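Coordinates in review
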Amino acid sequence: MTQISYEQFGRQLIQQAVTPERISRELTALLSQPTEGSVHKGGDMLVGNYVFQLESVEAVPIAERQPDLALRLHIKGRLALAVKIVGVNLRFTLQVTIHLQTVVKTCEPVVIKLETAAITQNDIDLKVDPHDRSGGLLDKLNIIEPVVRDEIVDEVNKRINSPDVLAATTIDVLQLAAQAAVGNTAAPLDPGQGPAETAVAV
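These lines cover the structure that appears in this document, whether it is placed above or below. (Residues numbered from 1 in each chain as written. Predicted model: local features only at pLDDT ≥ 70, side-chain atom pairs only at ≥ 80, totals over all residues. Heavy atoms only, no water.)

A separate point is the side chain of Thr-102. With respect to the element layout, Thr-102 can be found in strand 4 (residues 88-107). Residue classification places Thr-102 among the buried residues on the basis of a relative accessible area of 3%. Polar side-chain contacts of Thr-102 include one of 3.2 Å to the backbone oxygen of Glu-115. Side chain to side chain, Thr-102 and Thr-116 meet in a polar contact 3.2 Å long. (Helix = DSSP H or I, 4+ residues; strand = E, 2+ residues; numbered from the N terminus. Buried < 20%, exposed > 50% of the residue type's maximum accessible area, 1.4 Å probe, protein only. Polar contact = N/O pair within 3.5 Å; in protein donor to acceptor, adjacent residues only side chain to side chain.)

This part covers a nonpolar patch on the surface. Taken together, the side chains of Ile-4, Phe-9 and Leu-13 make up a nonpolar region of the molecular surface, amounting to roughly 250 Å² of accessible area. Overall, the relative accessible area of 52% leaves Phe-9 in the exposed class. (Patch = residues over 30% accessible without salt bridge, like charges linked within 9 Å, V, L, I, M, F, W, Y side chains within 5 Å. Areas by Shrake-Rupley, 256 points an atom, 1.4 Å probe, with all protein chains shown as cover. Salt bridge = Lys/Arg side-chain N within 4 Å of Asp/Glu carboxyl O.)

A separate point is the pattern of salt bridges. Enumeration over the complete set of coordinates arrives at 4 salt bridges. Measuring nitrogen to oxygen at the nearest pair gives 3.4 Å for the salt bridge that ties Arg-78 to Glu-55. Within this pair, whereas Arg-78 is found in strand 3 (residues 70-85), its partner Glu-55 is found in strand 2 (residues 46-61), the two being separated by 23 residues in sequence. Overall, the relative accessible area of 43% leaves Glu-55 in the partly exposed class.

Looking at the element boundaries, Leu-73 is found in strand 3. With relative accessibility at 0%, the residue Leu-73 sits in the buried group. Each C-alpha atom of the pair Leu-73 and Pro-61 lies 8.9 Å from the other, and the pair is 12 residues apart in sequence.

Nothing here speaks to function; it is all geometry.
What follows is the structure, encoded as structure tokens:
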């Protein structure tokens, strides 16, 4: 067993608690259930409902932010959209990618906190599903797309600050230490498992 400095210990603790793999896994679990919502524009001129189904989550370290520990999160999913524009019913399927940035911060007394920046329309990629590429639908999608982007931005930023996400993105190291039995000789935790898996970012 090699002795290391307190500073090295603290940094290694953070790096083990907040790995890209763990963040991806926990965020996937948090968003596994479909997200439903509605969109409105101009009173009854445009009304609709949508269902978002997660497909994948990728967490990538941001090298240029070192020595800070920061991650880019790429959330991909399928958005089923049913809208009525001036009395005409339309259906679209969109491929959605949401790009977020989260940074790991340390707080008193011994807390690890993930802070995720609010997103804008520029952080969202929308693509029409190949099965829905008819010219008429694409023309109408150009009208609907800004409304959909606004709704996604509002929903994501709301989720970032929701109580469940705020709780899930906080690791109280003292609480974890108190829960550990002194002198426990059980096998060490795998870096990809353990109580610190509660750290996610939306």
